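Below are the chains, spelled out letter by letter.
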Amino acid sequence: MPDPKFTKPWHGIPREEIDWHPTINEDACIGCGTCVTGCSRLVYRFDYGKNKAVVADPLNCLVGCTTCSNTCPAHAISFPPLEYVADLLSKAETHHHVEDELVERKEQLFWREEIPDEEKVKHLIVDSIEKISDKNMIITLRPKSEADCTCQFTPGQYMALRIPGKDWTARAYSIGSAPRKDGSFEVDLRRVEGGRFTTWAFEEMKAGDELVGIGPMGGFWLRSAPGTPLLFVGRGTGFAPIKAMIEQQMEFNPSRNMMLYWGVTDTSDFFRLEKLQEWKQKNPDMKIVLTARTLSDGFQPPEGILFRQGTVYDALASEPAVLTHWDIYVAGPTKTVRSVLDVLRNKGVPEKNIYTDSFGG
Ligand SMILES: Cc1cc2nc3c(=O)[nH]c(=O)nc-3n(C[C@H](O)[C@H](O)[C@H](O)COP(=O)(O)OP(=O)(O)OC[C@H]3O[C@@H](n4cnc5c(N)ncnc54)[C@H](O)[C@@H]3O)c2cc1C
Ligand code: SF4
Ligand code: SF4
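Residues numbered from 1 in each chain as written. Chains lettered and ligands numbered in written order. Predicted model: local features only at pLDDT ≥ 70, side-chain atom pairs only at ≥ 80, totals over all residues.

Asks: I'm lost on the overall build of the chain in this one. Help?
Replies: Each helix and strand counted, the chain has ten helices and 16 strands in total. With respect to the principal axes defined by its C-alpha atoms, the chain has extents near 80 × 50 × 40 Å. Long-range pairs, those at least 24 residues apart, make up 69% of the contacts in the chain between residues at least 6 apart in sequence. (Helix = DSSP H or I, 4+ residues; strand = E, 2+ residues; numbered from the N terminus. Contact = placed C-beta atoms within 7 Å.)

What follows is the structure, given as structure tokens:
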């Protein structure tokens, strides 16, 4: 019998709607019993006559667990692909259910003090909002007081932003500009369908609003030896940390050997193209390739900048330069980062030369 203790809804989804349970290849099963006694949720029983394990209560199985498959000496147990679970988790309702539970059970679940490091908590004011399209905008945040200054950070890092008065956990946003004396910085925002923070930002946020920032955080920063050529690959707002890195290089080492690939969905998603032109003027040898799956508004790339229709990883696959001695910085949605890594591996780029920043999604 399914045990109600184990068949509760999973992050808000009724358990019976989720097709996750082990399947035994009876021919391969050698009847060792490891899965039967090892699963504490009584998914299995043992057929003492046939000397085989049996999946008796599949709904008792913990969604996403594959322990019994990992420990089966005969490799007789299989599960649906883990992408099935990833897809369930990528639904806004599931994600928000997890987030709401974190808030509700905070007393029980908290690990450290609420504020990890006073030094890292900044009160930030929305200084300006620049709408690029329905889906993209650039906001500038400035420190509320001197103590809130984000003057010291390494380009590539991010801030976790929280909206005062909302019980949501903080969201990570890359700092999209090199350090400035006044502590202000840009954030490039992409609207996510059903997303809590970005829906608020696109529909309600106005200049003068206050946000709480935790940071700067993250280990995605330029760590290459001087003189090493640098390839930057960004997808969507993955361009933000790269923009901050290149901006800094343009200040201190503008003639460095650099190359940029930046891909978006539609050409209307590009922003700050004037920056690219500025960089090209400072470093005429810098190769810049823009990619988009679709074109709108009679898009023409700025002078000297290349454009390829399609994905950023397909464009990169056609890059004729030998990249094995380049350091490569990749930022954007996890799936794109993975595809870019595949391309780089095929090109023989050693793993140690690649640095990544995955945004999720
Ligand atoms: C290190 C880091 C840096 C980031 N930098 C930026 C940045 O510079 N600009 C920017 O716009 N975003 C950035 N993000 C993504 C950002 O943190 C949020 O995840 C995103 O803005 C969605 O927040 P939300 O509250 O609107 O959506 P949520 O309410 O958190 O989620 C709603 C739905 O969208 C899905 N989802 C969550 N995040 C993403 C995503 N990134 N892409 C697609 N679907 C998603 C969820 O699974 C859920 O189904 C970064 C993420 C990381 C980890
Ligand atoms: S662990 Fe594998 S071999 Fe052992 S009883 Fe279970 S399915 Fe059969
Ligand atoms: S995956 Fe985990 S919960 Fe599911 S049957 Fe195996 S051990 Fe039990």
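So that's the structure; there's more coming.
Asks: Help me out: how do you make sense of the site of ligand 1 in this one?
Replies: In the vicinity of ligand 1, 27 residues are found, and the nearest of them are Gly-195, Phe-197, Thr-198, Thr-237 and Gly-361. Looking at the shell around ligand 1, the elements with two or more residues in it are α4 (92–104), β8 (171–174), β9 (185–190) and α6 (196–203). Per element, the largest residue contribution to the shell around ligand 1 is four residues, and it comes from β8. In terms of residue class, the shell around ligand 1 is built from ten nonpolar, eleven polar and six charged. There are two domains that each give the shell around ligand 1 at least three residues, and those are domain 2 (118–217) and domain 3 (230–358). (Near = placed C-beta within 6 Å. Nonpolar A, V, L, I, M, F, W, Y, C, P; charged D, E, K, R; others polar. Domains from an automatic or database assignment.)

Asks: Which parts of the structure should I look at to understand unusual backbone geometry?
Replies: In terms of backbone geometry, most residues other than glycine have negative phi values and most peptide bonds are trans. Residue Pro-216 follows Gly-215 across a cis peptide bond; omega there is 0°. Residue position: Pro-216 is located in strand β10 (residues 210–217). Positive phi outside glycine occurs at Arg-272, with the angle close to 55°. As for its position among the elements, Arg-272 is in the loop between β12 (258–266) and α8 (273–282). Since 18 C-beta atoms lie within 10 Å of it, Arg-272 is described here as partly exposed. (Buried ≥ 20, exposed ≤ 12 C-beta atoms within 10 Å, placed from the backbone.)

Asks: When you look at the nonpolar core in this model, what are you seeing that I'm missing?
Replies: Among soluble globular proteins, nonpolar side chains are generally buried collectively. Residues Phe-232, Val-233, Leu-260 and Ile-328 are the most contacted members of the largest nonpolar core, which totals 60 residues. Element by element, the count of residues in this core is highest for helix α7 (residues 239–252), at seven residues. Contact partners of Leu-260, with chain neighbours within four places excluded, come to Phe-232, Ile-246, Met-286 and Ile-288. (Core = buried A, V, L, I, M, F, W, Y, C linked by C-beta atoms within 7 Å.)

Asks: For this particular structure, what's the right way to read the sheet that holds strand β5 (residues 121–131)?
Replies: By way of backbone hydrogen bonds, the strands of a sheet pair with one another, either parallel or antiparallel. The sheet built from six strands is open, its strands ordered β8-β7-β10-β5-β6-β9 with antiparallel pairing. Only two strands of the sheet have a single neighbouring strand rather than two, namely β8 and β9. Each adjacent strand pair in this sheet contributes to an overall mean axis angle of 40°, direction not counted. In this structure, strand β6 (residues 136–143) lies alongside β9, joined through six bridges in antiparallel fashion. Residue pairing for β9: Ile-138 is matched across the bridge by Asp-188. (Pairing = 2+ DSSP bridges. Axes fitted to C-alpha atoms, helices over the stretch in contact; angles between N-to-C directions.)

Asks: Please clarify how the site of ligand 3 should be interpreted in this entry.
Replies: All residues in the neighbourhood of ligand 3 are listed as Pro-22, Cys-39, Arg-41, Val-43, Cys-61, Leu-62, Cys-65, Thr-66, Thr-67 and Cys-68. Along the lines of polarity and charge, the residues of the shell around ligand 3 split into seven nonpolar, two polar and one charged.

Asks: Please clarify how the sheet that holds strand β15 (residues 327–332) should be interpreted in this entry.
Replies: As summarised here, the arrangement of the six strands in space is β14-β13-β12-β11-β15-β16, forming an open sheet in which the pairing is parallel. This sheet does not close on itself; its edge strands, each paired only once, are β14 (306–309) and β16 (354–358). When strand polarity is set aside, the average angle formed by the axes of neighbouring strands in this sheet is 15°. The strands touched by α7 within the sheet are β11 (230–235), β12, β15 and β16, with β11 carrying the most contacts at an inclination of about 150°.

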